[in-house]
Amino acid sequence: MNFEGKVAFITGAGRGIGKTTALLLAKYGANIVACDLNYSDLEKTKAEIEELGRKAIICETDVTNKLQIDQAVQKSVEEFGSIDILVNCAGIISTSLLVEAEEDMWDKVMGINAKGTFLTCQSVAKQMIQQKSGKIVNISSIASKTAEYANGIYCTSKAAVNMISQTLALELAPFNINVNAVCPAYTNTDMMQNVFDNRGPVEGMTPEEYKKVLTSFVPLGRMAEPNEISELIAFLSSDKANFITGVTYTIAGGKELH
Ligand SMILES: NC(=O)c1ccc[n+]([C@@H]2O[C@H](COP(=O)([O-])OP(=O)(O)OC[C@H]3O[C@@H](n4cnc5c(N)ncnc54)[C@H](O)[C@@H]3O)[C@@H](O)[C@H]2O)c1
């Protein structure tokens, strides 16, 4: 894939899938705007992008804060002149039964996963509409498609990400902007370790036992590596995907078969 001359704006780029996506798109030629809450992680991402011979801007941005997102978008356009690709990776997970969940946990998870995706899409889309082109990829989850025990708020937030993506696909199609969502299953990142550590005991298992049980549900028998998710994101961000929009792509080693 060739992203020479393209600019990719990526949230959650400090670590995990967001970081591997930033590095992969840079490897394929893009300059990167990397946003995250964690500035020291962003500095590491920037250094690795520059080692690949690409430019990077880093923005300490909370995706729930409209002003900070708008400022990051403005900075990107001032520096690079356009935003061609948006990848929304910032996200968090929580563990609780819905009947016991605290209201502030609902606000936090829905705020980052759903509202953060909405706000970032809205701000970047306004720039892409002027350009009359763009690719948006929102990271959802298989949890958006099938309910999971003790994971109701996250499941709900990711179902919202799917619907934000589908609705924007309709609204932005006249401007030659494609919007898709990617729905990974278990991927080898800090977030997944958090799931083993916190949801394992809720299910009466140690983190290691829970990891074995979850991966046994995957026909391919393992977690995804973050880079495998990033390759699908790169494809959907490329000219090869010009006729694909409004789709929620499962990438789950056979865990979800629809
Ligand atoms: N790891 C998995 O198994 C898995 C599976 C399906 C979907 N996902 C989704 O993929 C995306 C990336 O997950 P990951 O596994 O790389 O997680 P991760 O925890 O490794 O990384 C998430 C990143 O998002 C950043 N972030 C959190 N809140 C933020 C905020 N308010 N503003 C800006 N940045 C913020 C964090 O600082 C971190 O760098 C998430 O949306 C997640 O829900 C992950």
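Everything below is about the structure shown above.
Calculation rules
- Residue positions within a chain follow its written sequence, with the count starting from 1.
- Restriction of local features to residues with pLDDT of at least 70 applies here, the model being predicted, together with a cutoff of 80 or more for giving and counting side-chain atom pairs; totals for whole chains, interfaces and linings are based on all residues.
- Note: side-chain values were computed over all heavy atoms of the structure, leaving out hydrogens and water.
- We define proximity as follows: a residue is near a molecule or strand when any one of its heavy atoms falls within 4 Å of that partner.
- Whenever two N or O atoms come within 3.5 Å, that pair is a polar contact, provided that in protein one can donate a hydrogen and the other can accept it, and provided that, for residues adjacent in sequence, both atoms are side-chain atoms.
- Only the protein chains shown count as cover for residues, with accessible areas throughout obtained via the Shrake-Rupley method and a probe of 1.4 Å.
- In this text, helices come from DSSP runs of H or I with a minimum length of four residues, and strands from runs of E with a minimum of two, each type numbered from the N-terminal end.
- Surface patches are defined over residues having more than 30% relative accessible area and no salt bridge, joining like charges when they lie within 9 Å and nonpolar side chains (Val, Leu, Ile, Met, Phe, Trp, Tyr) when within 5 Å.
- In the sections that follow, a salt bridge refers to a side-chain nitrogen of Lys or Arg positioned within 4 Å of a carboxyl oxygen of Asp or Glu.
- Here the positive residues are Lys and Arg and the negative ones are Asp and Glu; neither His nor the chain ends is included.
- Positions of charges follow a simple convention, taking NZ of Lys, CZ of Arg, CG of Asp or CD of Glu.
- For the purposes of this section, nonpolar cores are sets of buried Ala, Val, Leu, Ile, Met, Phe, Trp, Tyr and Cys residues that join through side-chain atoms within 4.5 Å.
- Note on exposure labels: buried denotes an accessible area under 20% of the residue type's maximum, exposed denotes more than 50%, and partly exposed covers the range between, all computed with a 1.4 Å probe on protein chains only.
- Should any heavy atoms of two residues lie within 4.5 Å, those residues are counted as being in contact.
- What makes two strands pair is DSSP finding at least two bridges between them.
- For helices, the fitted axis covers only the stretch in contact; all axes are lines through C-alpha atoms, and the angles between them, taken along N-to-C directions, range from 0 to 180 degrees.

A. Spatial organisation of the site of the ligand. Near the ligand lie 27 residues; those nearest to it are Ile17, Asp36, Tyr154, Thr187 and Thr189. In the environment of the ligand, an oxygen atom lies 2.8 Å from a nitrogen or oxygen atom belonging to the side chain of lysine 158. Separating an oxygen atom of the ligand from a side-chain N or O atom of threonine 189 is a distance of 2.5 Å. For the ligand, the protein covers 95% of the area, taking 830 Å² as the surface of the free molecule. Secondary-structure elements contributing two or more residues to the shell around the ligand are α1 (16-27), α5 (152-172) and α6 (190-202).

B. View of a negative patch on the surface. A cluster of acidic residues, Glu102, Glu103, Asp104 and Asp107, forms a negative patch on the protein surface. Position of aspartate 107 relative to the elements: it lies in helix α4 (residues 103-131).

C. Examining the nonpolar core more closely. Counting 32 residues, the largest nonpolar core has Ile10, Leu25, Ile32, Val87, Val182 and Ile233 as its most contacted members. Only β1 (7-11), α1, β2 (31-36), α2 (39-51), β3 (56-60), β4 (85-88), β5 (134-139) and α8 (226-237) provide two or more residues apiece to this core. Examining the composition of this core, we find that six residues originate from one element, α1, more than from any other. Those residues in contact with valine 182, other than ones at most four positions away along the chain, are Val137, Asn138, Ile139, Ser140, Ser141, Ile229, Leu232, Ile233, Leu236, Tyr249 and Ile251. Counting residues in each nonpolar core, the second largest holds 27 residues, with Val7, Val33, Ile57 and Leu168 among its members.

D. Representation of unusual backbone geometry in the model. Although it is not a glycine, lysine 132 sits at a positive phi angle of roughly 60 degrees. For lysine 132, the position within the fold is in the loop between α4 and β5. By relative accessible area, lysine 132 is classed as exposed at 56%. If you check the backbone angles, asparagine 176 has positive phi at about 65 degrees while not being a glycine. Secondary-structure assignment places asparagine 176 in the loop between α5 and β6 (177-184).

E. Inspection of the side chain of threonine 248 at higher detail. With respect to the element layout, threonine 248 can be found in strand β7 (residues 248-251). Ignoring sequence-local partners within four residues, the contact set of threonine 248 consists of Lys145, Asn162, Gln166, Ala181 and Cys183.

F. Up close: the pairing of β3. Counted residue by residue, β3 has four buried out of five residues, so it is predominantly covered. As paired elements, β2 and β3 share five bridges and run parallel to each other. Of the residues in β3, the one forming a bridge with isoleucine 32 is alanine 56.

G. Representation of the sheet that holds β1 in the model. One open sheet accounts for seven strands, arranged β3-β2-β1-β4-β5-β6-β7; its pairing is parallel. Both edges of this open sheet fall to β3 and β7, since each of them pairs with a single strand only. Within this sheet the neighbouring strands show an average axis-to-axis angle of 15 degrees, counted without direction. In terms of strand pairing, β1 meets β4 through four bridges, oriented parallel. Paired with threonine 11 across the two strands is asparagine 88, which belongs to β4. Packed onto the sheet, α1 meets β1, β2 and β4 and runs at close to 170 degrees relative to β1.

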